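# Results of the structural survey
Take a look at the letters that make up each chain.
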Amino acid sequence: MTDDASSTAAPSGADGVVNADLTMRYGSVDPEYAERLASTPPDQDGPVWMVNLMRYRERAEYADGRATDLTGQQADDLYAPFDSLAAVGAEIVFFGEVETQLLGDGPAWDRIAVVKYPTGRAFVDMQMRPEFVEHHVHKDAGMAATIITATRPFAHPEGPADAPELDQVPFPSTPEDPRIVVVHVVAFDREQASVDESIESMTAYTQHAIDVAVPHGVRVEGWFRCDGTVVGDGRHWDQVRFNSFPSREAFMTVVMDPDRLAAQHEFREPAMSDTYTMIVRPLIDGLAASWADEEVSAP
């Protein structure tokens, strides 16, 4: 995806699912998955968490050629579809600025947001609303690239019952080094091993990492299984994990721990074919509460 990518119209076979009035130069729609979202029977549908990775243009570029002095981020801020989200019962449950991208080939992401929809169908319905189409021109002007993947929570390992309180860890939050959320976007290896084997390997790594991270105050904000990518660049993703640490220093201490590094080399690296790891400063921070009462699945 590049800033001058051609407009994306409703893909063949997606009539009535992808709004043909939307110009999307920031990614490609997966029409088969969009059709799945739209056609799932109501009794089989349910809440879905749309994870959005966002990369902005340096300067906004409107498809109609209008002159503007806006940056890409400023244009996207005008998009802000709060009325459309409310109309379909959706809410933004996480939003933050990417402070550091530690792992992952380009693009370098600027922001991450998670929107919880009551159903997959609600996401499709929102795209058809006139006020959404009106606002969307600003998103298209501001966004250089985006990935929107539909996810649902899955069960994560429970930490020890004697985990320390956050004010008792070696590197607690301070005004100079406040709490961070570390986001991992994961694609499992499918060439050297089966997906089940890759998940097993990642699970082994996770147990080692928990043993190291819990004394430093790690908390799971939410682990999500990817059902499909609505908009992206053709890559497949399997999981998105959100873990919080009381401070950057706490996280980096865990990162550099020799036992964790050995487990990463033995288990985590072989399990993955692609990944992003990002340190995010949350501005909207309701992710954990958004799934606390929901049924969770296996990885």
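Residues numbered from 1 in each chain as written. Predicted model: local features only at pLDDT ≥ 70, side-chain atom pairs only at ≥ 80, totals over all residues. Heavy atoms only, no water.

Now for the overall build of the protein. A count of helical and extended segments in the protein gives nine helices and nine strands. Computed over C-alpha atoms, the radius of gyration of the protein comes to 20 Å, within 12% of the 19 Å expected from 2.2 N^0.38 for 299 residues, which places it in the range of a compact globule. Structurally, the protein occupies a C-alpha span of about 55 × 45 × 35 Å along its principal axes. Taken over 299 residues, the protein has a buried fraction of 49%. When contacts within the protein are restricted to residue pairs at least 6 apart in sequence, those whose partners lie at least 24 apart make up 80%. Of the accessible surface of the protein, which amounts to about 13,900 Å², a share of 51% is contributed by carbon and sulfur atoms. Computed over 22 positive and 51 negative side-chain charges, the inter-centroid distance for the protein is 3 Å. (Helix = DSSP H or I, 4+ residues; strand = E, 2+ residues; numbered from the N terminus. Rg over C-alpha atoms; globule rule 2.2 N^0.38 Å. Buried < 20%, exposed > 50% of the residue type's maximum accessible area, 1.4 Å probe, protein only. Contact = heavy atoms within 4.5 Å. Areas by Shrake-Rupley, 256 points an atom, 1.4 Å probe, with all protein chains shown as cover. Lys, Arg positive; Asp, Glu negative; His and termini not counted. Charge placed at Lys NZ, Arg CZ, Asp CG, Glu CD.)

Before going further, it helps to spend a moment on the packing of helix 6 (residues 195-213) against helix 8 (residues 258-271). Where helix 6 meets helix 8, the axes come as close as 8 Å, and the angle between the chain directions of the two elements is 160°. Put simply, helix 6 runs roughly antiparallel to helix 8. The handedness of the crossing between helix 6 and helix 8 comes out as left-handed. Residues S198, S201, M202, A204, Y205, H208, A209 and V212 of helix 6 form the contact with helix 8, whose participating residues are R260, A263, Q264, F267, R268 and A271. Considered class by class, the residues forming the contact of helix 6 with helix 8 number eight nonpolar, four polar and two charged. (Axes fitted to C-alpha atoms, helices over the stretch in contact; angles between N-to-C directions. Parallel < 35°, antiparallel > 145°, perpendicular 65-115°, else oblique. Left-handed = near helix turned anticlockwise from the far one by under 90°. Nonpolar A, V, L, I, M, F, W, Y, C, P; charged D, E, K, R; others polar.)

A separate point is the nonpolar core. One finds L37, M50, Y117 and V230 to be the most contacted residues of the largest nonpolar core, which totals 29 residues. Contributing elements (two or more residues each) for this core: helix 1 (31-39), strand 2 (48-56), strand 4 (111-117), helix 4 (120-127), strand 5 (143-153) and strand 7 (219-232). Once you skip the residues sitting within four places of it in the chain, Y117 turns out to touch P47, V48, M50, L85, V88, A90, A122, F123 and M126. Counting 25 residues, the second-largest nonpolar core is a separate cluster that includes F94, V114, W237 and V280. (Core = buried A, V, L, I, M, F, W, Y, C linked by side-chain atoms within 4.5 Å.)

Secondary-structure assignment places Q239 in strand 8 (residues 239-245). In this structure the C-alpha to C-alpha distance between Q239 and E158, which are 81 residues apart in sequence, comes to 18 Å. A polar side-chain atom of Q239 sits 3.0 Å from a polar atom in the side chain of R241. (Polar contact = N/O pair within 3.5 Å; in protein donor to acceptor, adjacent residues only side chain to side chain.)

A few words on the environment of M272. Inspection of the secondary structure puts M272 in strand 9 (residues 272-285). With 118 residues separating them along the chain, M272 and F154 place their C-alpha atoms 18 Å apart. Setting aside chain neighbours within four positions, we find M272 in contact with V186, A187, F188, D189 and M202.

Here we come to empty space enclosed by the protein. Per the counting criterion, the structure on display carries one cavity of 30 Å³ or more. If you add up the space inside the largest cavity, you get close to 30 Å³. Together, V51, L53, I147, T149, V185, W237 and V240 line the largest cavity. (1 Å grid on protein atoms, 1.4 Å probe; cavity = no way out; pocket = protein on both sides within 12 Å on 5 of 7 lines; lining within 4 Å. Points joined across faces, edges and corners; volume = space filled by probe spheres on them.)

Next up on the list: a nonpolar patch on the surface. Where nonpolar side chains cluster on the molecular surface, the patch consists of M252, M256 and L261 and spans about 260 Å² of accessible area. Along the chain, L261 turns up in helix 8. (Patch = residues over 30% accessible without salt bridge, like charges linked within 9 Å, V, L, I, M, F, W, Y side chains within 5 Å. Salt bridge = Lys/Arg side-chain N within 4 Å of Asp/Glu carboxyl O.)

Moving on, we get to the side chain of N243. Mapped onto the elements, N243 comes out in strand 8. Accessibility expressed as a relative area gives 10% for N243, which makes it buried. Polar side-chain contacts of N243 include one of 2.8 Å to the side chain of W223. Among all residues touching N243, those that are not within four sequence positions of it are I180, V181, V182, H184, V218, R219, V220, E221 and W223.

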